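Take a look at the letters that make up each chain.
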Amino acid sequence: MTPTHAVQSFINAKKEGIEIPSSTLETIRNFRKWREPELIGLRNASSYYPDIYIEKGMEEEITRLLTVVKNRNVAHKF
């Protein structure tokens, strides 16, 4: 399951009031391997569904990962 699909699956399950699939939870637990757009999507989804942070300290870790990505980007001088 892709990270984007996992976030959408989590949201859909919450809206429908059904149990969150285990494959969705497993994918979300692997957030440390996600790319920047998926991490931003996860963080944005947490505004509406804060329980998407299924591990303690996820919010801080996502912020740290996004900072690492930002620091890798080199400004272009034209």
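This is a predicted model, so every value here is computed, not measured. (Residues numbered from 1 in each chain as written. Predicted model: local features only at pLDDT ≥ 70, side-chain atom pairs only at ≥ 80, totals over all residues. Heavy atoms only, no water.)

> Please clarify how the nonpolar core should be interpreted in this entry.
Most often, soluble globular proteins have nonpolar side chains that are buried together. Ranked by size, the top nonpolar core spans 19 residues in total, and within it Phe31, Leu42 and Ile52 carry the most contacts. Looking at this core element by element, the count peaks at five residues for helix H1 (residues 3-16). Apart from the residues lying within four places of it in its own chain, the contact partners of Leu42 are Val7, Phe31, Trp34, Ile52, Met58 and Ile62. (Core = buried A, V, L, I, M, F, W, Y, C linked by side-chain atoms within 4.5 Å. Buried < 20%, exposed > 50% of the residue type's maximum accessible area, 1.4 Å probe, protein only. Helix = DSSP H or I, 4+ residues; strand = E, 2+ residues; numbered from the N terminus. Contact = heavy atoms within 4.5 Å.)

> Could you clarify how one ought to interpret helix H3 (residues 36-48) in this entry?
Structural remark: α-helix, 3.6 residues per turn; residues separated by three or four positions point the same way. Regarding H3, the residues found buried are Glu38, Leu39, Leu42, Ala45 and Ser46. Along the long axis of H3, the arc covered by the buried residues comes to 120°, so they all point the same way. In H3, the exposed positions that point more than 90 degrees away from the buried face belong to Pro37, Ser47 and Tyr48. Turning to H3, the residues buried within the fold contact H1 and helix H4 (58-72). (Arc of directions from axis to C-beta.)

> Where do I start with the pattern of salt bridges in this structure?
Opposite charge on two side chains lets them pair, provided their charged atoms get close. Tallied over the full model, the rule gives four salt bridges. Of the charged contacts, one joins Glu55 and Arg32 as a salt bridge, the two residues approaching to 3.3 Å between their closest N and O atoms. Highlighted residues: Glu55 in the loop between H3 and H4 and Arg32 in the loop between helix H2 (22-29) and H3, separated in sequence by 23 residues. Of the charged contacts, one joins Arg35 and Glu38 as a salt bridge, the two residues approaching to 2.8 Å between their closest N and O atoms. (Salt bridge = Lys/Arg side-chain N within 4 Å of Asp/Glu carboxyl O.)

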